[in-house]
Amino acid sequence: WGAARVWSFFSAVADDRGFEKAYESYALGQDLTASARMPLHIKPKAKISSLELMGHMRNHYEGTALDPTKDVGAEDAHTPFRTRPIVWKHGNGSYVNERTVGTPQAGWNFVAQLRGGLP
């Protein structure tokens, strides 16, 4: 379930502007073949600061194919947050609310910046 979160982050920071579309079908679970898998790492378009990384940790897939403000679970308020459980049934179908990076259940996140010249 973490592939979509990695895809969203890599899409935002990748030097390759076509990354999002190239791996969208994998992130959506439509093509899970080995040839469709995302790379383990990417070249970022620029150095990522700790403040920028904190911003990416608040990501809700806004503006992507997984934007939760545009699906049935958003209700009238168009909220990116989903009530529990993450897997739900309606009629004969079973559905999953993809977990976003930023979630109200996160008590806290920790970002460390390590610098060689400091202890």
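Use the structure listed above.
Thresholds applied
Residues numbered from 1 in each chain as written. Predicted model: local features only at pLDDT ≥ 70, side-chain atom pairs only at ≥ 80, totals over all residues. Heavy atoms only, no water. Helix = DSSP H or I, 4+ residues; strand = E, 2+ residues; numbered from the N terminus. Buried < 20%, exposed > 50% of the residue type's maximum accessible area, 1.4 Å probe, protein only. Contact = heavy atoms within 4.5 Å. Areas by Shrake-Rupley, 256 points an atom, 1.4 Å probe, with all protein chains shown as cover. Lys, Arg positive; Asp, Glu negative; His and termini not counted. Charge placed at Lys NZ, Arg CZ, Asp CG, Glu CD. Phe/Tyr/Trp six-rings, centres within 6.5 Å; stacked < 30°, edge-to-face > 60°. Axes fitted to C-alpha atoms, helices over the stretch in contact; angles between N-to-C directions. Parallel < 35°, antiparallel > 145°, perpendicular 65-115°, else oblique. Nonpolar A, V, L, I, M, F, W, Y, C, P; charged D, E, K, R; others polar. Pairing = 2+ DSSP bridges.

Visitor: So what's going on with the overall build of the protein chain? Residues and values would help.
Guide: If you tally the helices and strands in the protein chain, you get three helices and two strands. The helix and strand sequence of the protein chain, counted from the amino end, reads α-α-α-β-β. In terms of overall dimensions, the protein chain has C-alpha extents of about 60 × 35 × 20 Å along its principal axes. For the protein chain, with 119 residues in total, the buried portion stands at 24%. Looking at the protein chain alone, contacts between residues at least 24 apart form 54% of all its contacts between residues at least 6 apart. Approximately 8,800 Å² of the protein chain is accessible, and the part contributed by carbon and sulfur atoms is 55%. Across the protein chain, the 14 positively charged side chains and the 12 negatively charged ones have centroids separated by 7 Å.

Visitor: Requested: an account of the side chain of His60, with residues and values cited.
Guide: Within the secondary structure layout, His60 lies in the loop between helix 3 (50-56) and strand 1 (87-90). Leave out the neighbours within four places in its chain, and His60 touches Pro68, Pro80, Phe81, Thr100 and Gly102.

Visitor: Explain the packing of aromatic side chains residue by residue, including any values.
Guide: This structure, assessed with the given rule, holds four aromatic pairs. Both rings, one in Phe19 and one in Tyr23, keep their centres 4.7 Å apart while their planes meet at 40°; by these two values the pair is tilted. Linking Phe19 with Tyr23, this pair stays in helix 2 (residues 19-27), spanning four residues, or about one helical turn. Among the aromatic residues, those joined into a ring-pair cluster are Phe9, Phe10, Phe19 and Tyr23.

Visitor: Now, about helix 1 (residues 3-13): what can you tell me, with residues and values included?
Guide: Among the residues making up helix 1, those that are buried are Ala4, Trp7, Ser8, Phe10, Ser11 and Val13. Packed against the buried residues of helix 1 are helix 2 and helix 3.

Visitor: Residues and numbers for the packing of helix 1 against helix 2, please.
Guide: The interhelical angle for the contact between helix 1 and helix 2, taken along N-to-C directions, is 175°, at an axis separation of 10 Å. With respect to helix 2, the element helix 1 is oriented roughly antiparallel. In this structure, helix 1 uses Ala3, Ala4, Trp7, Phe10 and Ser11 to contact helix 2, whose residues at the interface are Phe19, Glu20, Tyr23, Glu24, Tyr26 and Ala27. Residue composition of the contact of helix 1 with helix 2, grouped by class: eight nonpolar, one polar and two charged.

Visitor: Which residues make up the pairing of strand 2 (residues 93-96), and what values do they have?
Guide: Where strand 1 and strand 2 come together, four bridges link them in antiparallel fashion. Looking across to strand 2, one finds that Val87 is bridged to Val96. Where strand 1 folds back on strand 2, the antiparallel hairpin that results is connected by two residues, among which Gly91 adopts a positive phi of roughly 60°.

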